[in-house]
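Working through the structure, step by step
The lines below spell out each chain.
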Amino acid sequence: MMNVPGDGDLKDEQMVSLFGDEDDAIFGDEDSDDDDELLEEGSVKVAREDIKLMNVVRAIVILFLLTVATIFGEAVYIMTLIGEEHSFEDAFEKTSENLIESLYERLNNDLWVAKSLAKDLSLAAEQDAASWPYITYQDFDGRCKAPLVLSDASSIAFAPLVRSNDRSNWEQWAGQSFEQVTPGEAEKGVEYFPSRRGAGQGIYAFDNGASVDRPVSTESLSPLWQMSPAQGDAETGLIGTLFDELSNQVRYDTVVSMLGAQGAFMTTFQYQDTNENDFVSYASPRATVYYPILGDDGSFPDAVTGSVAFEYSWDLLLHGVLEANVRDVVVVVENSCSGNFSFVVQGDKASFLGEGDLHDDDVDGYESVSSTYQGFEDLFAEHRKYPAQDPCNYRVNLFATSNYKDKYVGNSPEVYRGIVLAVFIFVVAIFILYDCLVERRQSRVVTAAQRSDAIVRSLFPSNVRNRLYEQAKQKEADEKKREKDAWRNSKAMSSNSSIEGEGALIETPKIRLKSFISAGPEDQVGGSNGHHSRDPTFMEPIADLFPHTTILFADIAGFTAWSSEREPSQVFTLLETIYRDMDRAAKKLGVFKVETVGDCYVAATGIPDPQENHPEIMVRFARSCLLRIDLLTKELESQLGPGTAELAMRFGIHTGPVTAGVLRGQKARFQLFGDTMNTASRMESTGMKNKIHLSSDTAEHLNKSGFGHWITKRQDLVHVKGKGDMQTYWLLLGSSSMSETSSVLSDDTSGLGALIKAPRSKPKKKKSAIWTGTNLDGVLGVTEIDDSLQRLIDWNVDVLITLLKRVVANRIASGVGSKALSSNTEKSLIGTGLVLDDVQMVIDLPEFDHDIAVRAANETVELVPEVKKELLEFVTSIASGYPKNAFHNFEHASHVILSSNKLLKRVMAADDVATTEKEALTSKDLHDHTYGIGTDPITHFAVVFSALIHDVGHPGVPNGRLAEEDPVLAKKYVNKSIAEQHSVDIAWELLLLPRFKNLRACVYQDRVECKRFRDLVTNSVMATDIFDKELKALRNSRWDMAFKEIGKMEAALKKEDVDRKATIVIEHIIQASDVSHTMQHWYIYLKWNERLFREMYFAFLAGRSQKDPTEGWFEGELWFFDYYVIPLAKKLKNCGVFGVSSDEYLTYALQNRVEWEKKGKDVCAKMKSRAEEEARSLELLKDIGEEDEEEELEDEPVAVVPGAAVHDPKNTRQIEVPPGKLGIVIDTTDDGCPVVHHINDESALKGKLTEGDTILSIDNVSTKGMNSAALSTLIASGASRTRTFTLATGSDAIKE
């Protein structure tokens, strides 16, 4: 390791200026100069001005022509509209006349029918020799059938005229004759009052709906007696009730007028009877025509003895008054005494609209009032014996509706106007077509020129760009002149390149390069498309030498390995974020960005314009970028996943001359060449991450400029190809945090080293955790959450939130409401047996539903804050339950999540699905191709959830050793997959805590979803136990059953077969992800391989493993590749759902296997050396003789510690120590004996231990000779389980 001076050496005022607030100014304003609008130059600007002028002239001409066309079109429109209005008025007037005429004709016909029936009834009474009013027509219904057909009446009634002196006898006669008649039911639209009386109860009236007797003093009565259609007795037509019509005012006025004139009269409107004094209530307006029956009443031979009443419904009366093809007409029937009512006549149909005048006032049409009161009066006059004037007559008003008017006044005016305009516009278009084509071509040229200008601006410095434009313009002008006259062209060029009296101008390469920027963007053709001219020597290359420049190469250390774990979109997110900030800094500091090649950024100062202080500017730029990117990678870790914060920049800077110019050809670029570029590249490649490596030339310039205190000499020489050994320098960063590192593992603080290096301090009392008081107490909370762990937690939460949103969206699309299962239901579904017993041969995945898939794809979901909070708490709790092992830790779980999520996304991409008839991939294609995995969000969530929890509580030793260390746990899980089953139980017990009820309600809603989620998690986690022979054999047999049946077509598979394939694929996703480092970049493999080695090696040193991993590690890795990793990668490819990722995994696995065979022995030696060096520094390695002596002493019946007397077994005791922290302070004496120094008040061991007790062994591992660091390691390694301490009592303490 090399020593680099710290901040204490930086005292210069200029250094303070460099390392002060400048970084904030460089990176603070994201929207500053980056978005400056590009200025338009040359032909682009001229062309745009010409187009603007052309557009103005064209607009004026088109506006004039359209104005003329509009005026002409409006004239056609108005004339057509006037003609249609006249047609409408004529048609409506004729329709009105036809309606009134038809109505009069029907009423006149009905009056003659009524007269005929009255005469017929009078003659029938005479023939029967019956005396009035004791008249009953036995065949009344039969007599009325013909009149009902011939007229428009809805019913016909007969009522005799009863004088007061005949009332008593008549009522008695009526009651005796018809006591068996029951009042009938009313017709539709007619409602009888419920209190009407039967025939045997005498003549009555209604008063507010209640039946009352007619006064005895009443002079005349007109009781209803018979009716057709029959309402009571079907043969006689008797209605079974004796309502007096004269008790109702409307009927009374009409009957009295009939008696006086001995002729026909029509009542006013009868509607709803709001006073309830009629025997019925009508839902629509009606009127009744009363016609007198003449006979001998005993006093006069030709007197009125009764009446027939023809009852009409006005809507039925208006039926058929018009032809069927006539559109809607509103008819307002008005009575001079009782208001008006509105009806709509639709051809030969009519319907009631409502009370009052309801015609549409918005219809601007022709109104016809075609009838008068006198018209109705004249109809009835000839049916009266004595002249009389009816005070209440009718008239009819007719109005056109919009529907009627539309038949005559339609859209013809608009059509004719449109035709005129279309013809006119077509004629105009013929004249302007050529102009439009010219404009389109010009627009395309300008657009292409603008694009080219933008591209050229991004590729070349301003002076180079302008010179390209100028050169292209000159080429175009020269070619035109050469076509006309080669001699004149030569002469013109000669005259243009001279000054009178001074001779020709000499254009140096420097002038040519600096004047490169003055032409328009379309003139880049000469430099960008590679076609110089017919003569390849016509144009000289655009290049020059810049003697004073500083070049920077910057590379992202670890990027290649990091990118092998990620999706392409994540790789580009990182590069775009980093390069965007570097571009912003370059723009503000005046640094010229040359190019980016992959993850390498190349920049220069002193070009294209000279900069006197170019080395200072470049080191300022490099230092600002390094500090900024160090922050960016940490911020991006929560978005891009584990390992992102470990990325760092490596800078190399060299000062010297370069050759710069435009390398023309396809995709021409501005390039730099020369030894300076090569040296700067070597400075970068031989540098270190988070370091800025300077060449001696750059350092010399800084020294001369007075900035020598910015740099420090590198202690070792750097060998540069072609140059030999070079003395180089580091730029001081002004931050002690940017310390030098020697290997990719040197910054790893996980595992044993972190536990040993942690200073011992008195435990602090903390707030109760969410699992306090549960079985999880002591299992969770064993790891403190620091900043790096919190970034991983945030990333895991973001990944799970994204998947959980898809689960909720799919549930909403399926129409299932949000409802949590009861805790009893959840526990019953999970069961209380072994986790291993819950492993399913086939997991039932949901069938495809097209409607749900479509709705879910369009569903936008945002989780409620409570769910996000609970998810964060859950992940944080799980993270705290991962001990700080070197390999089986939360970072590795995050790495497994990263890989499993990548595989799941590749499953969803399904790029290799063959669609023969469809160009686009559908949800159904995805479902079928991936055996249902690709369309089930719960499956995706469950797999990632399993990756999160699969090693929680892992003790850092294999299951075999765990069974020895924790017999209780081994017994609970019957010595099979102990760590895996324990992890599932920990996670489920935590998830079922009441505080996570909202989270559970999002994950699953019913018993089916809960069971499927549980089965998926169980199968996935148990699949990570790859060393259980029975489970491995079971998985192999299921694989053979699912994928090795040859000749079985996918379309013919049963659902169980498809689900079996899905189950196997899901298990292989988690298996591959668990060892994904073996199928990723070589450096990723080395990183995690060494971590696993360290974990096993230190477990061996701590006495927790019988086998030294340094023995046979090389051969073991080869075996692991040959018999597990490569076959697993081939299975990923063979199952056919992972697309290119399966090829990627298999390729890396094969490459790593080859590399390991070549380099593995050396790698093993280096790993062993580093591990032994760390162990010696922690005093964990002893001489072989000491180890042999320790083994012999372990066989003694009593515990022995160095320097101590042999303890009597009676003075030793054993205690069970619960999981979690001890809450005690332990001191190590000079002779290496651990003694309890202090017991905290909150310690769970209070009362079990006493101060001064000697700890002889922990879980049968002797503590003899262990220092405090080794003892802390041993205690921490078993913190997740119950431990057994063997103690010597304080009274039998060490004897001096």
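Being a predicted model, the structure only gives us computed values, none of them experimental. (Residues numbered from 1 in each chain as written. Predicted model: local features only at pLDDT ≥ 70, side-chain atom pairs only at ≥ 80, totals over all residues. Heavy atoms only, no water.)

Looking now at the overall build of the protein chain. For the protein chain, the count of helices and strands is 39 helices and 34 strands. Out of the 1296 residues in the protein chain, the part that is buried amounts to 51%. A separation threshold of at least 6 residues defines the contact pool for the protein chain, and within that pool the share at least 24 residues apart is 76%. In the form shown here, the protein chain has an accessible surface area of approximately 61600 Å², with 52% of it arising from carbon and sulfur atoms. (Helix = DSSP H or I, 4+ residues; strand = E, 2+ residues; numbered from the N terminus. Buried < 20%, exposed > 50% of the residue type's maximum accessible area, 1.4 Å probe, protein only. Contact = heavy atoms within 4.5 Å. Areas by Shrake-Rupley, 256 points an atom, 1.4 Å probe, with all protein chains shown as cover.)

One pass over the full model with this rule turns up 48 aromatic pairs. Note on phenylalanine 887 and tryptophan 1088: the rings are 5.9 Å apart at their centroids and 85 degrees apart in plane angle, and the pair reads as edge-to-face. Of the two residues, phenylalanine 887 sits in the loop between α24 (865-880) and α25 (890-909) while tryptophan 1088 sits in helix α35 (residues 1082-1101), which places them 201 residues apart along the sequence. Assigned by exposure class, phenylalanine 887 and tryptophan 1088 land together as buried. (Phe/Tyr/Trp six-rings, centres within 6.5 Å; stacked < 30°, edge-to-face > 60°.)

As a further point, take the state of the cysteines. The full count for this structure, using the stated rule, is 1 disulfide. With its sulfur 1.8 Å from that of its partner, cysteine 337 forms a disulfide with cysteine 392. Because the torsion about its S-S bond is -90 degrees, the bridge between cysteine 337 and cysteine 392 counts as left-handed. Of the two residues, cysteine 337 sits in the loop between β12 (329-335) and β13 (339-346) while cysteine 392 sits in the loop between α8 (373-381) and β16 (394-400), which places them 55 residues apart along the sequence. What makes cysteine 392 buried here is its relative accessible area of 16%. (Disulfide = S-S within 2.5 Å.)

As a further point, take unusual backbone geometry. The peptide bond linking tryptophan 132 to proline 133 adopts the cis configuration, its omega dihedral lying at 5 degrees. Looking at the secondary structure, you find proline 133 in the loop between α3 (42-128) and α4 (140-150). We note that glutamine 262 has phi near 45 degrees; this positive angle belongs to a residue other than glycine. Along the polypeptide, glutamine 262 turns up in the loop between α6 (249-261) and β8 (265-266). Positioned with a positive phi, valine 974 is a non-glycine residue whose angle comes to about 45 degrees. Here valine 974 is to be found in the loop between α29 (967-972) and α30 (978-991).

Next up on the list: the pairing of strand β4 (residues 204-207). Here 4 bridges tie β4 to strand β5 (residues 210-213), and the two strands are oriented antiparallel to one another. Bridging from a neighbouring strand, phenylalanine 206 pairs with serine 211 of β5. The turn linking β4 back onto β5 is made up of 2 residues, and asparagine 208 within it adopts a positive phi angle of 55 degrees. (Pairing = 2+ DSSP bridges.)

Note on pairing: side chains with opposite charge can pair once their charged atoms come close. Summed over all chains, the structure comprises 52 salt bridges. Among the ionic pairs, glutamate 1174 bridges to arginine 1094, the shortest N-O distance being 3.5 Å. Placement of glutamate 1174 in helix α37 (residues 1140-1177) and of arginine 1094 in helix α35 is noted, with a sequence separation of 80 residues between them. Judged by its relative accessible area of 11%, arginine 1094 falls in the buried class. What emerges from the salt-bridge pattern is a single network uniting Glu646, Glu891, Lys1087 and Arg1091. (Salt bridge = Lys/Arg side-chain N within 4 Å of Asp/Glu carboxyl O.)

Take the packing of α30 against helix α32 (residues 1007-1022) next. α32 packs onto α30 with a crossing angle of 150 degrees between their chain directions and a minimal axis gap of 9 Å. Regarding the angle of α30 to α32, the classification is roughly antiparallel. Regarding α30 and α32, the two cross each other, and that crossing is right-handed. Taken together, the residues of α32 that come into contact with α30 (itself represented by Glu980, Gln981, Val984, Trp988 and Leu991) are Phe1013, Arg1014, Val1017, Val1021 and Met1022. Tallied by class, residues from the contact of α30 with α32 come to 7 nonpolar, 1 polar and 2 charged. (Axes fitted to C-alpha atoms, helices over the stretch in contact; angles between N-to-C directions. Parallel < 35°, antiparallel > 145°, perpendicular 65-115°, else oblique. Left-handed = near helix turned anticlockwise from the far one by under 90°. Nonpolar A, V, L, I, M, F, W, Y, C, P; charged D, E, K, R; others polar.)

Moving on, we get to a nonpolar patch on the surface. A grouping of Val415, Tyr416, Ile419, Val423, Phe426, Val427, Ile430 and Phe431 is seen on the molecular surface, where their side chains present a nonpolar patch of about 830 Å² in accessible area. If you trace the backbone, isoleucine 430 turns up in helix α10 (residues 412-459). Residue class for isoleucine 430 comes out exposed when judged on its relative accessible area of 52%. (Patch = residues over 30% accessible without salt bridge, like charges linked within 9 Å, V, L, I, M, F, W, Y side chains within 5 Å.)

Residues Glu89, Asp90, Glu93, Glu97, Glu101 and Glu105 make up a contiguous surface patch of negative charge. Following the sequence through the fold, aspartate 90 ends up in helix α3. (Lys, Arg positive; Asp, Glu negative; His and termini not counted. Charge placed at Lys NZ, Arg CZ, Asp CG, Glu CD.)

With that settled, consider the sheet that holds strand β11 (residues 303-313). Overall, antiparallel pairing links the 5 strands, which are arranged β7-β1-β11-β10-β8 in an open sheet. If you trace the sheet from one side to the other, it starts and ends with β7 (226-228) and β8, each paired once. Relative to strand β10 (residues 286-295), β8 runs antiparallel, the two being bridged by 2 bridges. Pairing of methionine 266 across the sheet is with valine 289, part of β10. Running at roughly 35 degrees to β10, α6 makes contact with β8, β10 and β11 of the sheet.

End to end, α30 covers 20 Å across 14 residues, agreeing with the expected 20 Å (1.5 Å per residue, within 8%). Of all 14 residues that make up α30, 12 are buried, and the element is covered over most of its length. Looking only at α30, the buried set comprises Ile978, Ala979, Glu980, Gln981, His982, Ser983, Val984, Ile986, Ala987, Trp988, Leu990 and Leu991. (Expected span 1.5 Å × (residues − 1).)

So, on to the nonpolar core. Phe1013 and Trp1156 are the most contacted members of the largest nonpolar core, which totals 111 residues. The element contributing the most residues to this core is helix α21 (residues 787-813), with 13 residues. If we ignore the near neighbours within four places in the chain, the residues touching tryptophan 1156 are Trp1082, Tyr1085, Asn1089, Trp1113, Phe1114, Glu1117, Leu1118, Phe1121, Val1163, Cys1164 and Met1167. Counting 64 residues, the second-largest nonpolar core is a separate cluster that includes Leu103, Ala174, Leu318 and Phe341. (Core = buried A, V, L, I, M, F, W, Y, C linked by side-chain atoms within 4.5 Å.)

Further remarks concern helix α17 (residues 614-640). By the criterion of burial, α17 is predominantly enclosed, with 21 of the 27 residues buried. Of the residues flanking the end of α17, it is glycine 641, one or two places downstream, whose phi is positive at about 100 degrees.

As a further point, take the confidence of the model for the protein chain. For the protein chain, per-residue confidence averages 78 on the pLDDT scale, and 77% of positions sit at 70 or higher. Counting contacts from residues 489-504, a segment whose pLDDT is below 50, to residues more than four positions away or on other chains yields 12 contacts. In this model residues 1291-1296 is a low-confidence stretch, pLDDT under 50, and it forms 13 contacts with partners more than four residues away in sequence or in other chains. (pLDDT = per-residue confidence, 0-100.)

What follows covers the environment of alanine 91. The residue alanine 91 is located in helix α3 in this model. Alanine 91 sits 317 residues away from tyrosine 408 along the chain, and the two C-alpha atoms are 8.5 Å apart. Among residues more than four places away in sequence, those in contact with alanine 91 are Tyr404 and Tyr408.

Turning next to the pairing of strand β34 (residues 1283-1288). Across the 6 residues of β34, 5 count as buried, placing the element largely inside the fold. Bridging between strand β29 (residues 1212-1217) and β34 involves 6 bridges; their strand directions are antiparallel. When the bridges of β34 are listed, valine 1217 appears paired with arginine 1283. Sheet topology note: the strand β32 (residues 1254-1258)/β34 ladder contains 4 bridges and is antiparallel. Within β34, the residue paired with isoleucine 1258 across the bridge is phenylalanine 1285.

What follows deals with the environment of methionine 841. Inspection of the secondary structure assignment puts methionine 841 in the loop between α22 (823-830) and α23 (850-857). Take methionine 841: its relative accessible area is 40%, and that puts it in the partly exposed class. For the pair methionine 841 and isoleucine 1064, spaced 223 residues apart in sequence, the C-alpha to C-alpha distance is 8.9 Å. With sequence-adjacent residues up to four places away left out, methionine 841 is seen in contact with Leu1034, Arg1038 and Thr1063.

Bringing the packing of helix α36 (residues 1113-1134) against α37 into the picture now. Relative orientation of the contacting elements α36 and α37 amounts to 175 degrees, with a least axis distance of 9 Å. Between α36 and α37, the angle is such that the two are roughly antiparallel. In terms of residue class, the contact of α36 with α37 is built from 15 nonpolar, 3 polar and 8 charged.

The next subject is the side chain of lysine 689. Positionally, lysine 689 belongs in the loop between α18 (675-685) and β24 (691-694). Classification of lysine 689 by relative accessible area gives buried; the value is 18%.

This part covers the environment of leucine 776. Examined against the element boundaries, leucine 776 turns out to sit in the loop between α20 (752-757) and α21. When the C-alpha atoms of leucine 776 and alanine 987 are compared, they prove to be 9.4 Å apart, with 211 residues separating the residues in sequence.

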